[in-house]
Amino acid sequence: MVEFGGWEMPVQYSSVIQEHETTRNAVGITDVSHMGRLIFEGPKACEFLDSVLSRNIAAIKPGQIRYSLLTNERGGIVDDLLVGLVTKDRGSPYYFVVVNASNREKDLAVFRTFLATSSGVTMKDLTSDWAMIAIQGPMSTELLQPFLNTDLSTIKYYNGTETTFKSGNRWGLVTRTGYTGEDGFELCVDSYLAEQVAQELFKAGEPFGVKPTGLGARDTLRLEAALPLYGHEMNDDINPFEVGIAYALHLDGPDFPGRDALKRIKDEPLQKVRIGLEMLEKRPAREGSEIFVDDRKVGWVTSGTLGPTLQKPIAMGYVPPEFSQPGQSLSVDIRGKKSPATVVPLPFYKRS
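Caption draft 1: Layout of the sheet that holds strand β14 (residues 273–279). Taken together, 6 strands build a closed barrel; the order of strands is β14-β17-β16-β15-β18-β19 and the barrel is antiparallel. Averaged over neighbouring strand pairs, the angle between their axes works out to 45° when direction is ignored. Sitting on the sheet, helix α6 (residues 215–224) touches β16 (296–307) and β17 (312–319), and the angle it makes with β16 is about 120°.

And the structure:
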């Protein structure tokens, strides 16, 4: 167990490689309740979120979920998050926002600043009221479907809905989302039901070989899929164009923090870009390792590991655009020794 974003989190239950392979081949289950969960309601909720987030919130249809950003006035990334419009059996729909655990308090402060001068919208922080369980892997539908009244085959990728359990008077919010590179779901339930629901899932998953998955495997899974992680590939001083996530920007719509700066950045040459690296020796590069062209330092590694699926050391990092093309030869300083590496296309792994 380690401290992570103010929570105690498991690094591993069995082994990182076993948990990684189980998720790739069957189903892995992770407690992701550390992620912040917020709800925005009211007739002006859409207008409010459009003034704070980078995505075109007004274009989100009921049931849809979109990847979006909180940016600062310089265009740097304050946080990356998911925002969805959820319908319910009774009453008006609401916006469901999931933020990073380590940024929750920072994000709440931003939202509250804007709420102070807004009307027609309310925010609820349900992080402690709801638990969130990630069910990820190619057999996730087979595992989860028997528990829910909702036909999971009707939920498209990056969509979700409120649901009910087939047994007991239990409610849930199920979304077809995740950060592993696999198909799967994230299930919200009332926090007091979390242990019960998890145990039921593990029991039903025994024929699938389901395993609980810790932070270690979550990191190797998302890195193979080249999914950027806040605090590694993203921070307040890195902009979305450098990360390669400009699709999360709506620069021609309502104003939001940093929009004007991002419009300028869009038309300027980039100083650095995110790349994928394949190490040519067995030693993996680690976060903070320096990247070289000959004897010239040109960038740094943001994440690195041995990819269990790929059976080779991989990494992501930043270099100037002129050194970012696939096939470019680089070297990485690993404990004082320069190890050869090659720029490769992202993602490293993509499910069939």
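From this point, the narrative continues.
Caption draft 2: Structural detail: the packing of aromatic side chains. One pass over the full model with this rule turns up 8 aromatic pairs. Ring centres of Phe96 and Trp130 lie 5.7 Å apart, and the angle between their planes is 45°; on these two criteria the pair is classed as tilted. Within this pair, whereas Phe96 is found in strand β7 (residues 94–99), its partner Trp130 is found in strand β9 (residues 130–136), the two being separated by 34 residues in sequence. The same class applies to Phe96 and to Trp130, which are both buried. Each member of the aromatic cluster is reached from another via a ring pair, and the members are Phe40, Phe48 and Phe111.

Caption draft 3: Highlighting the pattern of salt bridges. Taken as a whole, this structure holds 18 salt bridges when the rule is applied. Ionic pairing is found between Glu200 and Arg170, a salt bridge with its closest N-O pair at 3.1 Å. With a gap of 30 residues between them, Glu200 in helix α5 (residues 194–204) and Arg170 in the loop between β10 (160–164) and β11 (171–175) connect regions that are remote in the sequence. The partly exposed category is assigned to Glu200, whose relative accessible area is 24%. Here Lys312 and Glu278 are joined by a salt bridge, their closest N and O atoms 3.6 Å apart. Of the two residues, Lys312 sits in strand β17 while Glu278 sits in strand β14, which places them 34 residues apart along the sequence. Overall, Lys312 belongs to the partly exposed group, its relative accessible area being 31%. Here Glu278 falls in the partly exposed class, since its relative accessible area comes to 23%.

Caption draft 4: View of helix α3 (residues 104–115). Taking 1.5 Å as the rise per residue, α3 with 12 residues should run 16 Å; its terminal C-alpha atoms sit 16 Å apart, in good agreement. For α3, the set of buried residues is Arg104, Asp107, Leu108, Phe111 and Leu115. Taken around the axis of α3, the buried residues stretch over an arc of 100°, which confines them to a single face. At its buried positions, α3 is contacted by β4 (36–41), α2 (45–50), β5 (65–71), β6 (77–86), β7 and β8 (122–125).

Caption draft 5: Seen up close, the nonpolar core. Counting residues in hydrophobic clusters, the biggest one holds 32 residues, and the most contacted among them are Tyr67, Phe96 and Trp130. Listing elements by their share of this core, those giving two or more residues are β5, β6, β7, β9, α7 (240–243) and α8 (259–266). Setting aside residues up to four positions removed in sequence, Tyr67 forms contacts with Arg55, Asp80, Leu81, Leu82, Tyr158, Tyr179, Met234, Ile245, Tyr247 and Ala248.

Caption draft 6: Structural view of the sheet that holds β10. Taken in spatial order, the 6 strands line up as β10-β11-β12-β9-β3-β13 in an open sheet, and their pairing is mixed. Single-partner strands in this sheet number two, and they are β10 and β13 (211–212). Examined bridge by bridge, β10 and β11 share 5 bridges and lie antiparallel to one another. Following the sheet pairing, Thr161 is matched in β11 by Val174.

Analysis parameters
- Residues numbered from 1 in each chain as written.
- Predicted model: local features only at pLDDT ≥ 70, side-chain atom pairs only at ≥ 80, totals over all residues.
- Heavy atoms only, no water.
- Pairing = 2+ DSSP bridges.
- Helix = DSSP H or I, 4+ residues; strand = E, 2+ residues; numbered from the N terminus.
- Axes fitted to C-alpha atoms, helices over the stretch in contact; angles between N-to-C directions.
- Contact = heavy atoms within 4.5 Å.
- Phe/Tyr/Trp six-rings, centres within 6.5 Å; stacked < 30°, edge-to-face > 60°.
- Buried < 20%, exposed > 50% of the residue type's maximum accessible area, 1.4 Å probe, protein only.
- Salt bridge = Lys/Arg side-chain N within 4 Å of Asp/Glu carboxyl O.
- Expected span 1.5 Å × (residues − 1).
- Arc of directions from axis to C-beta.
- Core = buried A, V, L, I, M, F, W, Y, C linked by side-chain atoms within 4.5 Å.

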